[in-house]
Protein chains: 2
Amino acid sequence: MKHNFGAGPGILPHEVLKQAAEAVVDFNGIGLSILEISHRSAEFEAVLDEAVRLVKELLGVPEGYSVLFLQGGASTQFAMVPYNLLPETGKAAYLESGVWANKALKEAKYFGNVEVVATSKESNFTYIPKDFTIPADASYFHITSNNTIYGTQLKQFFPSPVPVVCDMSSDIFSRKINVADFGLIYAGAQKNMGPAGTTLVVIKDEILGKADRKIPAMFNYQTQIEGGSMYNTPPVYPIYVSMLTLRWLKAKGGVEAIEKENRAKADALYTEIDRNPLFKGVCAKEDRSDMNVCFVAENPEHEKPFLKLCDEKGIVGVKGHRSVGGFRASIYNALPITSVHVLIDAMQEFAEKNK
Amino acid sequence: MKHNFGAGPGILPHEVLKQAAEAVVDFNGIGLSILEISHRSAEFEAVLDEAVRLVKELLGVPEGYSVLFLQGGASTQFAMVPYNLLPETGKAAYLESGVWANKALKEAKYFGNVEVVATSKESNFTYIPKDFTIPADASYFHITSNNTIYGTQLKQFFPSPVPVVCDMSSDIFSRKINVADFGLIYAGAQKNMGPAGTTLVVIKDEILGKADRKIPAMFNYQTQIEGGSMYNTPPVYPIYVSMLTLRWLKAKGGVEAIEKENRAKADALYTEIDRNPLFKGVCAKEDRSDMNVCFVAENPEHEKPFLKLCDEKGIVGVKGHRSVGGFRASIYNALPITSVHVLIDAMQEFAEKNK
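Residues numbered from 1 in each chain as written. Chains lettered and ligands numbered in written order. Predicted model: local features only at pLDDT ≥ 70, side-chain atom pairs only at ≥ 80, totals over all residues. Heavy atoms only, no water.

Chain A goes by Phosphoserine aminotransferase in an unreviewed UniProt entry, where it is assigned to Mucilaginibacter straminoryzae. Quoted straight from UniProt, the Function (unreviewed entry) entry for chain A says "Catalyzes the reversible conversion of 3-phosphohydroxypyruvate to phosphoserine and of 3-hydroxy-2-oxo-4-phosphonooxybutanoate to phosphohydroxythreonine." Among the UniProt annotations of chain A, the heading Subunit (unreviewed entry) holds the following wording: "Homodimer." (UniProt positions renumbered as here; feature names shortened; annotations may be inferred.)

Draft legend 1. Summary view of the interface of chain B and chain A. In this complex, chain B contributes 52 residues to the contact, which on the side of chain A involves 52 residues. When chain B packs against chain A, close to 4,000 Å² is buried across both sides, 64% of that on carbon and sulfur atoms. For the pair chain B and chain A, the number of links is 14 residue pairs in polar contact (both at pLDDT 80 or more). When its residues are assigned to classes, the side of chain B that touches chain A shows 31 nonpolar, 16 polar and five charged. (Contact = heavy atoms within 4.5 Å. Buried area = accessible area lost by both parts, 1.4 Å probe. Polar contact = N/O pair within 3.5 Å; in protein donor to acceptor, adjacent residues only side chain to side chain. Nonpolar A, V, L, I, M, F, W, Y, C, P; charged D, E, K, R; others polar.)

Draft legend 2. Inspection of the pattern of salt bridges at higher detail. Inspection of the entire model under this criterion finds 38 salt bridges over all chains. For the salt bridge of Asp274 of chain A with Arg288 of chain A, the shortest nitrogen-to-oxygen distance reads 2.9 Å. Of this pair, Asp274 of chain A sits in helix H7 (residues 254–275) while Arg288 of chain A sits in the loop between strand E11 (279–281) and strand E12 (292–297), placing them 14 residues apart in sequence. With a relative accessible area of 10%, Arg288 of chain A lands in the buried category. Taking the shortest distance from any N to any O, the salt bridge between Asp274 of chain B and Lys285 of chain B comes out at 3.7 Å. Of this pair, Asp274 of chain B sits in helix H7 (residues 254–275) while Lys285 of chain B sits in the loop between strand E11 (279–281) and strand E12 (292–297), placing them eleven residues apart in sequence. Judged by relative accessible area, which is 41%, Asp274 of chain B ranks as partly exposed. Taking relative accessible area as the criterion, Lys285 of chain B reaches 58% and is therefore assigned exposed. (Salt bridge = Lys/Arg side-chain N within 4 Å of Asp/Glu carboxyl O. Helix = DSSP H or I, 4+ residues; strand = E, 2+ residues; numbered from the N terminus. Buried < 20%, exposed > 50% of the residue type's maximum accessible area, 1.4 Å probe, protein only.)

Draft legend 3. Layout of the pairing of strand E8 (residues 164–167) of chain B. All names here are of chain B. Here E8 shows a buried face lined by Val164 and Cys166 and a second buried face lined by Val165 and Asp167. Bridge analysis of strand E5 (residues 141–144) against E8 gives four bridges, and the strand direction is parallel. Bridge pairing links Phe141 to Val164 in E8. Taken together, the three bridges between E8 and strand E9 (residues 184–188) define a ladder with parallel strand orientation. (Pairing = 2+ DSSP bridges.)

Draft legend 4. Main features of the domain arrangement of chain A. All names here are of chain A. In terms of domain boundaries, chain A breaks down into domain 1 (14–251) and domain 2 (254–353). Here the C-alpha centroids of domain 1 and domain 2 sit 27 Å apart. Each partner contributes to the interface: domain 1 provides 25 residues, whereas domain 2 provides 25 residues. Both sides together, the interface formed by domain 1 and domain 2 hides about 2,100 Å², and carbon and sulfur atoms give 53% of it. Where domain 1 touches domain 2, the interface holds three salt bridges. The closest approach of N and O atoms between Glu256 and Lys176, which form a salt bridge, is 3.9 Å. The tally of links between domain 1 and domain 2 comes to 16 residue pairs in polar contact (both at pLDDT 80 or more). Breaking the side of domain 1 that touches domain 2 down by element, the ones donating at least two residues are strand E7 (152–153) and helix H6 (236–251). The leading source of residues in the side of domain 1 that touches domain 2 is H6, at three residues. (Domains from an automatic or database assignment.)

Draft legend 5. Spatial organisation of the relation of the copies chain B and chain A. The two copies are related by a screw operation: chain B maps onto chain A through 180° of rotation and 0.0 Å of translation along the axis, at an RMSD of 0.0 Å. The operation mapping one copy onto its partner corresponds to a two-fold rotation axis. Relative to the rotation axis, the closest C-alpha in chain B is found at Ala21 of chain B, a distance of 2.3 Å. Mapped onto chain A, 100% of the interface residues of chain B are again interface residues, and the two copies thus contact each other with one and the same surface. (Least-squares fit on C-alpha atoms with pLDDT ≥ 70 in both.)

In structure tokens form, the structure reads like this:
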């Protein structure tokens, strides 16, 4: 039994994987694999429709928004957002709270002007800047809701005079949000929604059409909306598995229920980190992420032996990102609290051995 | 038992599907699903490496070319090709042999000038134009090797004074080609290589860097080459299943062996179409595709009852594209000749009943 704390592509629910495997052999008893049916078939259209409905229901998407399943990951959104929303002579505001935010703003510079309203780069992104003004003449304000690498998370969203664009790749569907607060939300599937290969985009229709730029079909949100995510062949299987994962989430009680579980998992783990004399957290307490729990050993020489102990316990994916070091336990929706307890037990056992 | 003649996403080998399903539950016995492991894991890196090696081996890719697995389908390549290769004041030459070629050239117009060297639009693309000159001052010459909708296929490639860019989405790996004749080859996976969700790009490195344009990271071939198809999280599962399909092809004897099988399947089916008084082919005989066999009923009233008979025999996916009508039997690599004989038998049975 493995306890998968990987940062992404991350853990998926066991029931989802079982059904996802069956569909590869025979999808819904039709005698064909989900991998070899037309995306225009009634069978797949039903999958895509259900996926869109589930996103709307689980996030509480209001009228006037479109839900898209695209390709290319969040990195493609880094470019599509300014391509569609930022006029050449316009300005976009970015909050630089991590490397992904930095990559996003770099792409925006190809299309117009960028104002970085604040950054925590000087502290290696150990906190989220909160003291800044969003320029009212910006085309949009871009934020990253959860910083996977550093383990920080926006606990409250900023009131904004301009549309807010949010990269929610690593905490979408993990907690309640008010979609009406956002102009555009995007998220690579591979943390909390499904496997790698599709990207969720939730977009307020009225923010489109203002950049006055000709945009190739595939990079144009309007084309994708008109095509219902099927302007061209969509990534059938990643969308199917995402749909199964969203079904699983709904059956569990939706975002409200999972948020409680996620909070309980995070609380248990942070409590141990703060209590255990051998470990310490790496970022500002008020910004600690409920998705990616980053910590280091007080004594760097303890890192390797602790990773070895984890390996023996079936705990995988807890090595920290190279730019932070130490450990990172990603505790996405699908990770059961029992796995968190296995990790806590390992930390306690390690402290006992090394005291 | 279904006989899958779908145009794409199309049939995959039975053995591949079996292994692909197992990996969704437990990948290579590591206790985790292929859907929930890091793309940076040794396990997935081995998959991607093998996929690239198999492409090089099966296509005979010479030195100086890069092999990429990207996202977004051929439709994204329609834009990436001119984004990377066509200077704003430059010119690209396109052969308009079908709707996909038309879509490709429309995207190129966003980036520079386009010269359509020839078109068969006036005949609803029932043949491939061959009498034209490729302008020597073009940045590249774009062709579509196989026209899925119309059932036409380029039997010989044109000598060109400029780099040839070829959309091989529907006949890649189906017949021998000389990669050195091309500057860039691209193909959506979902016909002959794997499931929907990844796109193969084979690119001659030296044709890059000449468009003098700033290109966002994800749309820039150079970034993708430097990142080894992992500039961002790649579509793990579509690449994995593509790798399995390429392994299967290699075990069958590679492209040379499958080309013989494909030829035999196509010959058998076209022979029946030409012999059977109830059916007729729709395109120029010399351009007939070995991948997509398009035909119609001599008497339009026979269409529905023949589709009904096909349905009874487990023959699926043979309804023609709406812009051509009639029937289209896609006979991709993974379709066994036994399925072709089931279709031929159905045609003969139908002719017998309706004579």
